[in-house]
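Chain by chain, the residues:
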Amino acid sequence: MNYKTIIGQAWSFTNKNKRLIFWYGFIPSIFTTAYGVLYMAYQFFSFRKSPLMGYEGHGFLYDVGTFIVNFMTKNTSISIPLIIVTIIAVIIWFLLPTLCQAAAVQYISRKHNGQPATLGTGMRYGIFNFLPLLEYHALMKTVSFFAMSMEAAFVLRNLGVEAFKFLLPVFIFAFFLGLVLSLLFSYADFYIVVDNEKVFLSIWKSMRLVILNWQKTFLVSLLMILIGVRIIIQILTLMFIPSILLIGVSYIGMTWAAQIGLIVAIIVAIAALLFASYLTGVIDIFSYTVWTFTFLDLTSQKEVSAREKVAKVSAREVVPKVEGMTEEPGQEPD
């Protein structure tokens, strides 16, 4: 398996399928990116209003709950529509990324194998694998880096530095355990989607495939991490300009026209969200393509049993012919 060839083919495939990026990458990334922004904002303000920063009083979550209750009490006419929209948005955030991943992997694998697939074909077959894939993702989230960071932040914010230091070995162990499991389960998604396997059988087959091809899997994982870090740095660099613009607009809004400044700030924030979501969508589709190509390549290779006999090769076929060396008829080379 040539890693450069697979990554090059995956990048070429990604660039040629803009509709795949839009529907199965960009659209679900809007919800995941928005959730990430809200989560980071929650962590930031929660740390600001925590005993760790010397703050005494109610926490940030209490303030948010109080604001929501007061808003709903004073604006009863729009409270129910807002609640319905919020519930729908949460359901979409929870279900849509997994459904789009299943559809994208189906489409990519079928196109790679020469089948006349469309985006609709990927979605139709992806629906059949959606629930097992959702079950697998829910299982993996319990040991993910995101889950560990939430637990560590909660301990540091509410129990203090000493409790965090005491539990730090546990968090480090859980973090490395999550990394090892993520590596071992690299192909579980694809066994579920491509081969229609059950969740735990897919996990077992993924572990076996990784162990048999651990060098290839590790190198592909390392390359994807390096590519991801580089793209994240580029995203942060590009997001720096809108951030400066947003700060400037906010300052203008506070000093001159608050309403104009608020409108411009909202427009800039939405544009930044869409821009980050598109780049995230491209990364997701490229990642799905690399791992799908790798999975199809590794699973197409026949595993040789220790009982299978290999045809013997004569010495004449093994030893390369050296210039100037002559052999007598029927005489084996030295």
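(A) Local environment of unusual backbone geometry. If you check the backbone angles, Asn 196 has positive phi at about 60° while not being a glycine. Accessibility expressed as a relative area gives 53% for Asn 196, which makes it exposed.

(B) Spotlight on the pattern of salt bridges. One pass over the full model with this rule turns up two salt bridges. Notably, a salt bridge pairs Lys 49 with Asp 63, separated by 2.0 Å at the nearest N-O pair. Here the residue Lys 49 occupies a position in the loop between α2 (18-48) and α3 (60-74), and Asp 63 occupies one in helix α3, the gap between them amounting to 14 residues. Across the pair Glu 197 and Lys 205 runs a salt bridge, and its minimum N-O distance is 2.7 Å. Its relative accessible area of 28% is what places Lys 205 among the partly exposed residues.

(C) Fine view of the side chain of Arg 110. Along the polypeptide, Arg 110 turns up in helix α4 (residues 76-112). Not counting residues up to four positions away in its chain, the partners in contact with Arg 110 are Gln 115, Ala 117, Thr 121 and Tyr 125.

(D) Quick peek at the packing of aromatic side chains. As enumerated under the stated definition, the model contains 18 aromatic pairs in all. Taking the centre distance of 6.2 Å and the plane angle of 45° together, the rings of Tyr 42 and Phe 60 count as tilted. In this pair, Tyr 42 sits in helix α2 while Phe 60 sits in helix α3, placing the two residues 18 residues apart along the sequence. Note on Phe 44 and Phe 45: the rings are 5.1 Å apart at their centroids and 80° apart in plane angle, and the pair reads as edge-to-face. For Phe 44, a relative accessible area of 47% translates into the label partly exposed. An aromatic cluster is built from Tyr 187, Phe 190, Tyr 191, Trp 291 and Phe 295, whose rings are joined through pairwise contacts. Over the ring of Tyr 125 we find Arg 110; its NZ or CZ atom is 3.8 Å from the centre of that ring. Taking NZ or CZ as reference, Arg 157 lies 5.4 Å from the ring centre of Phe 47, over its face.

(E) Focus on the nonpolar core. Ranked by internal contacts, the top residues of the largest apolar core, which has 43 residues, are Leu 20, Tyr 24, Tyr 136 and Tyr 187. Among the elements of the structure, α1 (3-16), α2, α4, α6 (130-141), α9 (188-193), α10 (199-212), α11 (214-255) and α12 (258-299) are those that each provide at least two residues to this core.

(F) Summary view of the environment of Tyr 107. Among the secondary structure elements, Tyr 107 is positioned in helix α4. The sequence separation of Tyr 107 and Gly 122 amounts to 15 residues, and the corresponding C-alpha distance is 4.4 Å. Apart from the residues lying within four places of it in its own chain, the contact partners of Tyr 107 are Phe 13, Asn 17, Leu 20, Ala 117, Thr 118, Leu 119 and Gly 122. At 2.8 Å, the side chain of Tyr 107 forms a polar contact with the side chain of Asn 17.

(G) Representation of the packing of α3 against α4. Viewed as axis vectors pointing N to C, α3 and α4 meet at an angle of 125°, and their least axial separation amounts to 6 Å. When the axes of α3 and α4 are compared, the pair comes out oblique. Where α3 approaches α4, its residues Phe 71, Met 72, Thr 73 and Lys 74 are matched on the opposing element by Thr 76, Ile 78, Ser 79, Leu 82 and Ile 83. Taken together, the residues that form the contact of α3 with α4 break down as five nonpolar, three polar and one charged.

Conventions and cut-offs
Residues numbered from 1 in each chain as written. Predicted model: local features only at pLDDT ≥ 70, side-chain atom pairs only at ≥ 80, totals over all residues. Heavy atoms only, no water. Buried < 20%, exposed > 50% of the residue type's maximum accessible area, 1.4 Å probe, protein only. Salt bridge = Lys/Arg side-chain N within 4 Å of Asp/Glu carboxyl O. Helix = DSSP H or I, 4+ residues; strand = E, 2+ residues; numbered from the N terminus. Contact = heavy atoms within 4.5 Å. Phe/Tyr/Trp six-rings, centres within 6.5 Å; stacked < 30°, edge-to-face > 60°. Lys NZ or Arg CZ within 6 Å of the ring centre and 35° of its normal. Core = buried A, V, L, I, M, F, W, Y, C linked by side-chain atoms within 4.5 Å. Polar contact = N/O pair within 3.5 Å; in protein donor to acceptor, adjacent residues only side chain to side chain. Axes fitted to C-alpha atoms, helices over the stretch in contact; angles between N-to-C directions. Parallel < 35°, antiparallel > 145°, perpendicular 65-115°, else oblique. Nonpolar A, V, L, I, M, F, W, Y, C, P; charged D, E, K, R; others polar.

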